[in-house]
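Residues per chain are reported as follows:
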Amino acid sequence: MSSGPGLRAGVRRPDDYQLELECLRGWAITLVFLFHAWGISVGGGAREPIPPWLAFVVAGNTGVTLFFVLSGFLLSRPWLRSLQGTRPPPATRNYLVARALRILPLYYLAVAVAMLASGEPGRVLPALWFRFLGFEVFPWSVVWWTLITEVQFYLVLPLAGWLACRGPGGRRLLLALLLAWGFAYAVLVTGGGESKGFLLTKSLFARLPAFLLGAAAAWLSLHSARLARAPAWQRLAGTLLCLVLLAFLLQTVTAMGDRAAEQRWHLHHSLEAALWAALLLLLLAGPFPARTLMINRPLAWVGKLSYSIYLNHVPILFYLIFPAKAGVENYAGSLAAWGWPLLGATLSLALAAVTWRFVELPFLNLKGRLAR
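Residues numbered from 1 in each chain as written. Predicted model: local features only at pLDDT ≥ 70, side-chain atom pairs only at ≥ 80, totals over all residues. Heavy atoms only, no water.

## So, the overall build of the protein chain
Check the secondary structure of the protein chain and you find 15 helices and 0 strands. Whereas a compact globule of 372 residues would reach a radius of gyration of roughly 21 Å, the protein chain reaches 21 Å, a difference of no more than 12%. With respect to the principal axes defined by its C-alpha atoms, the protein chain has extents near 65 × 45 × 40 Å. Going through the 372 residues of the protein chain one by one, you find that 48% of them count as buried. Pairs at least 24 residues apart make up 76% of the contacts formed inside the protein chain by residues separated by at least 6 positions. Carbon together with sulfur atoms contributes 69% to the accessible area of the protein chain, which is approximately 17,900 Å² in total. Across the protein chain, 32 positive and 14 negative side-chain charges occur, with their mean positions spaced 13 Å apart. (Helix = DSSP H or I, 4+ residues; strand = E, 2+ residues; numbered from the N terminus. Rg over C-alpha atoms; globule rule 2.2 N^0.38 Å. Buried < 20%, exposed > 50% of the residue type's maximum accessible area, 1.4 Å probe, protein only. Contact = heavy atoms within 4.5 Å. Areas by Shrake-Rupley, 256 points an atom, 1.4 Å probe, with all protein chains shown as cover. Lys, Arg positive; Asp, Glu negative; His and termini not counted. Charge placed at Lys NZ, Arg CZ, Asp CG, Glu CD.)

## Considering the nonpolar core
Core analysis: the biggest nonpolar cluster contains 90 residues, and Tyr107, Trp144 and Leu311 have the highest contact counts within it. Considering every element that reaches this core, the biggest residue donor is helix 3 (residues 62–84), with 10 residues. Apart from the residues lying within four places of it in its own chain, the contact partners of leucine 311 are Leu106, Tyr107, Ala110, Val143, Trp144 and Leu147. (Core = buried A, V, L, I, M, F, W, Y, C linked by side-chain atoms within 4.5 Å.)

## Quick look at the packing of helix 3 against helix 6 (residues 144–164)
It is at 11 Å that the axes of helix 3 and helix 6 come closest, and there the two elements cross at 20°. One finds that helix 3 runs roughly parallel with respect to helix 6. Classified by chirality, the crossing of helix 6 by helix 3 is right-handed. Together, Val64, Phe67, Phe68, Ser71, Gly72, Leu75, Ser76, Trp79 and Leu83 of helix 3 and Trp145, Thr146, Thr149, Glu150, Phe153, Tyr154, Leu157, Pro158, Gly161, Trp162 and Ala164 of helix 6 make up the contact between the two elements. For the contact of helix 3 with helix 6, the residue count by class is 13 nonpolar, 6 polar and 1 charged. (Axes fitted to C-alpha atoms, helices over the stretch in contact; angles between N-to-C directions. Parallel < 35°, antiparallel > 145°, perpendicular 65-115°, else oblique. Left-handed = near helix turned anticlockwise from the far one by under 90°. Nonpolar A, V, L, I, M, F, W, Y, C, P; charged D, E, K, R; others polar.)

## Digging into the layout of surface pockets
For the second largest pocket, the calculated volume is near 900 Å³. In this structure, the second largest pocket is lined by 38 residues; those nearest its centre are Phe35, Asn61, Phe135, Lys202 and Asp258. For the lining of the second largest pocket, the secondary-structure elements that each account for two or more residues are helix 1 (19–42), helix 6, helix 10 (232–256), helix 11 (258–264) and helix 14 (306–325). When residues in the lining of the second largest pocket are grouped by element, the largest group, 6 residues, is from helix 1. Tallied by class, the residues present in the lining of the second largest pocket amount to 17 nonpolar, 14 polar and 7 charged. (1 Å grid on protein atoms, 1.4 Å probe; cavity = no way out; pocket = protein on both sides within 12 Å on 5 of 7 lines; lining within 4 Å. Points joined across faces, edges and corners; volume = space filled by probe spheres on them.)

## Overview of the packing of helix 4 (residues 92–118) against helix 14
A pair of packed helices is characterised by two quantities: the angle between their axes and the separation of those axes. Remark: helix 4 packs on helix 14, axes separated minimally by 11 Å, with the N-to-C direction vectors making an angle of 25°. Judged by the angle between their axes, helix 4 and helix 14 are roughly parallel. Seen along the crossing, helix 4 lies across helix 14 with a hand that is right-handed. Note on element contacts: helix 14 touches helix 4 through Tyr307, Ser308 and Leu311, opposite Arg102, Ile103, Leu106, Tyr107 and Ala110. For the contact of helix 4 with helix 14, the residue count by class is 6 nonpolar, 1 polar and 1 charged.

## Quick notes on the packing of aromatic side chains
Tallied over the full model, the rule gives 15 aromatic pairs. A ring pair is formed by tryptophan 79 and tyrosine 95, whose centres lie 5.2 Å apart and whose planes are at 80°; its orientation type is edge-to-face. On the criterion of sequence distance, the pair formed by tryptophan 79 in helix 3 and tyrosine 95 in helix 4 is long-range, its members being 16 residues apart. You'll find tryptophan 79 and tyrosine 95 in the same group, each marked buried. Centroid distance tyrosine 107 to tryptophan 144: 5.9 Å. Interplanar angle 85°. Geometry classified as edge-to-face. (Phe/Tyr/Trp six-rings, centres within 6.5 Å; stacked < 30°, edge-to-face > 60°.)

## Details of the pattern of salt bridges
Applying the stated criterion across every chain, the model contains 8 salt bridges. Between glutamate 20 and arginine 291 there is a salt bridge, and its shortest N-O distance comes to 2.6 Å. In this pair, glutamate 20 is assigned in helix 1 and arginine 291 in the loop between helix 12 (267–285) and helix 13 (297–304), connecting sequence segments 271 residues apart. For the residue pair glutamate 20 and arginine 291, the accessibility class agrees, reading buried in each case. Of the charged contacts in the structure, one is a salt bridge between arginine 123 and glutamate 120, with a shortest N-O distance of 3.3 Å. Judged by its relative accessible area of 37%, arginine 123 falls in the partly exposed class. (Salt bridge = Lys/Arg side-chain N within 4 Å of Asp/Glu carboxyl O.)

## Focus: the environment of proline 51
By the secondary structure assignment, proline 51 is in the loop between helix 1 and helix 2 (52–58). Residues proline 51 and proline 105, 54 residues apart in the sequence, show an inter-C-alpha distance of 40 Å.

## Considering the side chain of histidine 266
By the secondary structure assignment, histidine 266 is in the loop between helix 11 and helix 12. Leaving out residues up to four positions away in the same chain, histidine 266 has contacts with Tyr185, Val189, Leu200, Thr201, Ala206, Arg207 and Ala261.

## Some remarks on a nonpolar patch on the surface
Together, Phe183, Val187 and Leu188 give the surface a local cluster of nonpolar side chains, amounting to about 320 Å² of exposed area. By the element assignment, leucine 188 lies in helix 7 (residues 168–189). The class of leucine 188 is partly exposed, set by a relative accessible area of 44%. (Patch = residues over 30% accessible without salt bridge, like charges linked within 9 Å, V, L, I, M, F, W, Y side chains within 5 Å.)

Spatial relationships are all this shows, so hold off on functional conclusions.
See below:
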């Protein structure tokens, strides 16, 4: 890979590039991949108590929460820096064009492939304007809901940034809107019930805490140097504590079952987001023993390819694993249960390298030129 475009390729402001954030993307997509590999191979959540470490696989959809935290962190920083007085506020037009160039080309390619492969282009068509399809076009549409949530955040963020930069009056109005949302979230989302749909579980309305916690982490990274001054052993201890708490939180989710946790304990997504945001800050604060296990160049390359992997991995896994396990007794305990996901990971990475190089990178470079 060293002979091709580097890790900073396609970055709008190379001086702002942070290896830690790229590696966290790598961890996020790894968790999501393992979650879907487990689900397709075994058939969903755990059927018996599992050790905490395995919860990162069975409840690996926490990687989606990490992606949301990273989006909140990265996209809020330009407005936070404007409030600091170190940079002018982003131009809304440039911001929206940049977001469109980042997300639309590869997404529309994935939708076009799904139209052809599914043989039902009419059912896939609404995905072009980000209508929630869920499992309607399985396995192609399984992950598309997260892009809908991301796009909703992209559209709301400039308004929030504009209000924050409008002085005390704008900030009071923004605070009032956040309090109103918080009340509605507490009543409608975190309450009990078994019939919550997309709006109350997966939309921005329901997943906003992850983005807000990412933005809060960005604010702390710009305004506080206390973590950077802390001894390395304290940062290591904090990192281990976050991982242990995440493991037991995810273990609780798997014990409940994914659907039951989504409906009756939706707050777990926010708790996961808080721990991911804390881990992000600890990793950004500086080196500590064994940090290279989480922050390294191979993982950063996985993070660089994460958007392509995210869109291609479920169909690859499904069409490899599902036929292989048909009629096989104790498939989960066989070597094939390891081999097919490994082959899927290899194919997903290879295809992602191609689509990143020939689809994502040209539009990322265009985005960078428009920014200047």
